[in-house]
Amino acid sequence: MSPITQMLPAITAVAVLGVIVAGWLQRGEEYLVPESGPGYWLGIGGSMAMLSLLVYSLRKRYRAARIIGSVRFWFRTHMLLGIAGPVLVLFHTNFKLGPMNSNVALFAMLLVACSGIVGKYIYGKIHMGLYGHKARVEEILAQADELKRELGEELKAAEFVSRELNAFSNEIKGKTPTTAIGSLWFGAIIAVRARALRHHLIAEARRLIRIEGKARGWSWWQRRQGLRKITQIVRLYSAAVIKAAELGFYERLFALWHVLHLPLFFLMVGTGIIHVWAVHHY
């Protein structure tokens, strides 16, 4: 994944936040009103964007819907619409509260948007990358083992680090708890231990490279390069082990989130329909 791709979510978040802040600061100018003109159509557009979120669920569940595009495409679209819809509705309201029915619809939509952000965070914890397949503990630890092989054996520091990582891997394999609380506790303990191990290994590798470098007559740059390689691998390995340890907890949390998110979505749809009906009949 390129650095730009990795930064894209942060860039998008900053851009959306900037647009919202700008709209908030200009709310007193009354450039937009909900009842007519651009403000009215922003409300229609935001409502359609939120309703379109259903397409992703339909595409994911029914093979016959593959004619409308891939699941990956609709997943991306789902996230974009989940951001664009609430922003459009906020501008539709001109960042002000209105009648009771519109306020209920607005807060229901914001609740769904916040729930979606939480779901996106949990999703990233149990998948390999933003649009990747679902992660498995065995697969994550296998990738961690691959990192260990990159250390090589030409350095005593690398040999020491590899031995310590092997011991840590063997200790946590096959110890996945079966309950949500057990998974949470296990993940927390492993996360703390993995971070402590990371700091210990980097400090010890620095000491061993300094001793070995002096004995072999290495330059400062050579010692630095050796330490940089070991540090990078230890950090990646630590992150992989923590992800594997936390996986069970986040899988259970994601299942619970699904149970709660769907009723919130239909609450939003229902309150939105009532709001539209009230606006056009009173």
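Up top is the structure.
Note that the coordinates shown come from a computational prediction; the quantities given were computed from them, not determined experimentally.

What counts as what
Residues numbered from 1 in each chain as written. Predicted model: local features only at pLDDT ≥ 70, side-chain atom pairs only at ≥ 80, totals over all residues. Heavy atoms only, no water. Core = buried A, V, L, I, M, F, W, Y, C linked by side-chain atoms within 4.5 Å. Buried < 20%, exposed > 50% of the residue type's maximum accessible area, 1.4 Å probe, protein only. Helix = DSSP H or I, 4+ residues; strand = E, 2+ residues; numbered from the N terminus. Contact = heavy atoms within 4.5 Å. Phe/Tyr/Trp six-rings, centres within 6.5 Å; stacked < 30°, edge-to-face > 60°. Patch = residues over 30% accessible without salt bridge, like charges linked within 9 Å, V, L, I, M, F, W, Y side chains within 5 Å. Areas by Shrake-Rupley, 256 points an atom, 1.4 Å probe, with all protein chains shown as cover. Salt bridge = Lys/Arg side-chain N within 4 Å of Asp/Glu carboxyl O. Axes fitted to C-alpha atoms, helices over the stretch in contact; angles between N-to-C directions. Parallel < 35°, antiparallel > 145°, perpendicular 65-115°, else oblique. Left-handed = near helix turned anticlockwise from the far one by under 90°. Nonpolar A, V, L, I, M, F, W, Y, C, P; charged D, E, K, R; others polar.

Chemist: Break down the nonpolar core for me, citing the residues and quoting the values.
Modeler: Grouped together as the largest cluster of nonpolar side chains are 22 residues, with contacts concentrated most on Val161, Leu165, Phe168, Ile190, Leu201, Ile230 and Val234. Mapped by element, the contributors of at least two residues to this core are α7 (156–172), α8 (180–216) and α9 (220–281). If one sorts the elements of this core by residue count, α8 sits on top with 10 residues. Among residues more than four places away in sequence, those in contact with phenylalanine 168 are Ile190, Arg193, Ala194, Leu197, Tyr237 and Val241. Core analysis: the second largest hydrophobic core is formed by 15 residues, Val89, Met109, Val112 and Met268 among them.

Chemist: Tell me about the packing of aromatic side chains, and please be specific about residues and values.
Modeler: Applying the stated criterion across every chain yields a total of 10 aromatic pairs. Measuring from ring centre to ring centre gives 6.4 Å for tryptophan 24 and phenylalanine 95, while their planes differ by 85°; the resulting arrangement is edge-to-face. With tryptophan 24 in helix α1 (residues 3–25) and phenylalanine 95 in the loop between α4 (71–93) and α5 (100–126), the pair connects residues that are 71 residues apart, well separated along the chain. Classification of tryptophan 24 as partly exposed rests on a relative accessible area of 42%. On the basis of relative accessibility, which here comes to 13%, the residue phenylalanine 95 falls in the buried class. Residues phenylalanine 73 and tryptophan 74 carry aromatic rings whose centres are separated by 5.3 Å and whose planes lie at 80° to one another, so their mutual orientation is edge-to-face.

Chemist: Lay out a nonpolar patch on the surface with the relevant residues and their values.
Modeler: Nonpolar side chains collect at one region of the surface, where Leu54, Leu58, Tyr62, Leu262 and Phe266 lie side by side and expose about 490 Å² of accessible area between them. Elements with a contribution of two residues or more to the nonpolar patch: α3 (53–61) and α9. Relative to the helices and strands, leucine 58 resides in helix α3. A relative accessible area of 45% places leucine 58 in the partly exposed class.

Chemist: So what's going on with the packing of α4 against α5? Residues and values would help.
Modeler: Following both chains from N to C, one finds α4 and α5 inclined at 150°, their axes separated by 11 Å at the closest point. Compared by their axis directions, α4 and α5 come out roughly antiparallel. In the crossing of α4 with α5, the sense of the turn from one axis to the other is left-handed. Facing α4, whose interface residues are Phe75, Met79, Gly85, Pro86, Val89, Leu90 and Thr93, α5 presents Leu106, Met109, Leu110, Ala113, Lys120 and Tyr123. Considered class by class, the residues forming the contact of α4 with α5 number 10 nonpolar, 2 polar and 1 charged.

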